Amino acid sequence: MKKLFALILALSVLCSFSVIAQAADNTVADDTAMLDENMILAREKATTFLNDFDSSLNVTLSDPVILYNAQQEPEAASFTINDTGYIIVNLKSLRVPEFSLKKSSPFISQDKKYIYNGPVSYYETISSTEVRSLNSGTIIETNDLAVRYNEMTADKAIKSNAERSALPEDRTDKNPSRWQTPHYCGVDGAAILLKYWDDNFNEAFIESGKETAETFVSYLIDEKYLLDEGLSGSDIVHGSGVIFKSSTGISDYIKDRGLSSGYAITDVSYSWSTITTQVTTNNAILLAGTDAETHPDYPNHWIIVYGYKTVSGERFLLINDGWGDDEIYTTADSQYYPWGLVYIYEK
């Protein structure tokens, strides 16, 4: 009798394990099917969106890559556009956070696991505990990567909003310089902004002979206008630091160049209205986005805005990413730019 009971018990346990395993298999299968469906919807959205952006485009999408969020969940999809650009579509909301018709996709392999953590914030998983920034090459612990991008599920209707793509758009007459040095992005960004004004408004902004990236950036650091570290907007404009380690800011640089009677620099909170106003007057703007891993001691990354556009009802910024690339459109959603704007203006 005991043997019979033990046999029945063993069979019951085996059946339970079998049911659990089958349920797990079904869950995986359901998740895979849903992911496949979302990838199809994302491709349709990308095509519709790009037609709204420019109806003359003959769009061909290829090389689909699944992008994960910092919680290691499927979050978005990247597609190559006509072999020359890329577009990212969120798999849950079908919103487009970023695209470019000219810059190559940062996600080049379908065999690698990539993390997309918001505008121009890209990572590659290199182990179960580490990721590598595709911009800086910095390797960090996966657990140290703050969650910057994780959208909520929304209505996934694929709608064309071509009539809304005619909303105001503009860009500066010339692109800012694509300077990139080994120094911090705030210093590089300030140098690019000053070079833009030197090229387009007044050649007195930069002394002759100092108009190359490394030469000018090093000059700003050596002369204590800026510290080579993570900088806030106030640090860039007014200077920062303590005794024996301080800077005087770009406002002081403008004064030393004899330009303060006609020009000034300011830092303000993020504002779509401010951006459109400045771009319309042919001005470029420094904008701080979130990127905690790039500067562990200061959670931002400075980019340069020189255009704007509304596509399918969504606002976008045309940017130089501060890593040496431009012609990139990123979402203008203020949640990704909590650190404000810096720009130069004529008095």
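Relevant structure appears above.
### Points about helix 6 (residues 272–280)
- Those residues of helix 6 that sit buried are Trp272, Thr274, Ile275, Thr276, Gln278 and Val279.
- Contacts from the buried residues of helix 6 go to strand 9 (170–171), strand 12 (263–268), strand 13 (285–289), strand 14 (301–311), strand 15 (314–320) and strand 17 (341–346).
- By the N-cap criterion, in which a side-chain oxygen at the helix start approaches the backbone nitrogen of a residue two or three places on, helix 6 is capped by Ser271, the distance to Ser273 being 3.3 Å.
- Of the residues trailing helix 6, Asn282 is marked for its positive phi of about 70 degrees.

### With respect to helix 3 (residues 213–222)
- Regarding helix 3, the residues found buried are Ala213, Phe216, Val217, Ser218, Leu220 and Ile221.
- The inward-facing, buried residues of helix 3 contact helix 2 (185–200) and helix 5 (250–256).
- A positive phi of about 65 degrees marks Lys224, the residue just after helix 3.

### Focus: the pairing of strand 14
- Across the 11 residues that make up strand 14, a large majority, 11, are buried.
- Relative to strand 14, strand 9 runs antiparallel, the two being bridged by two bridges. Residue pairing in the sheet places Asp170 in a bridge with Tyr308 of strand 14.
- Pairing between strand 13 and strand 14: five bridges, direction antiparallel. The residue of strand 14 that forms the bridge with Ala288 is Trp302.

### Comments concerning the packing of helix 2 against helix 3
- One can describe the packing of helix 2 onto helix 3 by two numbers: an axis separation of 10 Å at closest approach and a directional angle of 115 degrees. In terms of orientation, helix 2 lies roughly perpendicular with respect to helix 3. Our pair here, helix 2 against helix 3, has a crossing hand that is right-handed. Contacts between helix 2 and helix 3 involve Val187, Asp188, Ala191 and Leu194 on the former and, on the latter, Phe216, Val217, Leu220 and Ile221.
- Counted by class, the contact of helix 2 with helix 3 contains seven nonpolar, no polar and one charged residues.

### A closer look at the nonpolar core
- Among the nonpolar cores identified, the biggest contains 36 residues, and Leu220, Ile250 and Tyr253 are the most heavily contacted of them.
- Those elements giving two or more residues to this core turn out to be helix 2, helix 3, helix 4 (233–238), helix 5, strand 12, strand 13, strand 14 and strand 17.
- Tyr86, Ile303, Ile319 and Tyr337 belong to the second-largest nonpolar core, a separate cluster that totals 28 residues.

### Remarks on the pairing of strand 1 (residues 61–68)
- For strand 1 and strand 2 (residues 74–81), the ladder comprises six bridges, and the chain directions are antiparallel. Bridging across to strand 2, Tyr68 finds its partner in Pro74.
- From the end of strand 1 to the start of strand 2, which pair antiparallel, there are five residues, and Gln72 there has a positive phi angle of about 65 degrees.
- Here two bridges tie strand 1 to strand 5 (residues 114–116), and the two strands are oriented parallel to one another. Along strand 5, the bridge assignment pairs Tyr68 with Ile115.

Thresholds, definitions, all that
Residues numbered from 1 in each chain as written. Predicted model: local features only at pLDDT ≥ 70, side-chain atom pairs only at ≥ 80, totals over all residues. Heavy atoms only, no water. Buried < 20%, exposed > 50% of the residue type's maximum accessible area, 1.4 Å probe, protein only. Helix = DSSP H or I, 4+ residues; strand = E, 2+ residues; numbered from the N terminus. Contact = heavy atoms within 4.5 Å. Polar contact = N/O pair within 3.5 Å; in protein donor to acceptor, adjacent residues only side chain to side chain. Pairing = 2+ DSSP bridges. Axes fitted to C-alpha atoms, helices over the stretch in contact; angles between N-to-C directions. Parallel < 35°, antiparallel > 145°, perpendicular 65-115°, else oblique. Left-handed = near helix turned anticlockwise from the far one by under 90°. Nonpolar A, V, L, I, M, F, W, Y, C, P; charged D, E, K, R; others polar. Core = buried A, V, L, I, M, F, W, Y, C linked by side-chain atoms within 4.5 Å.

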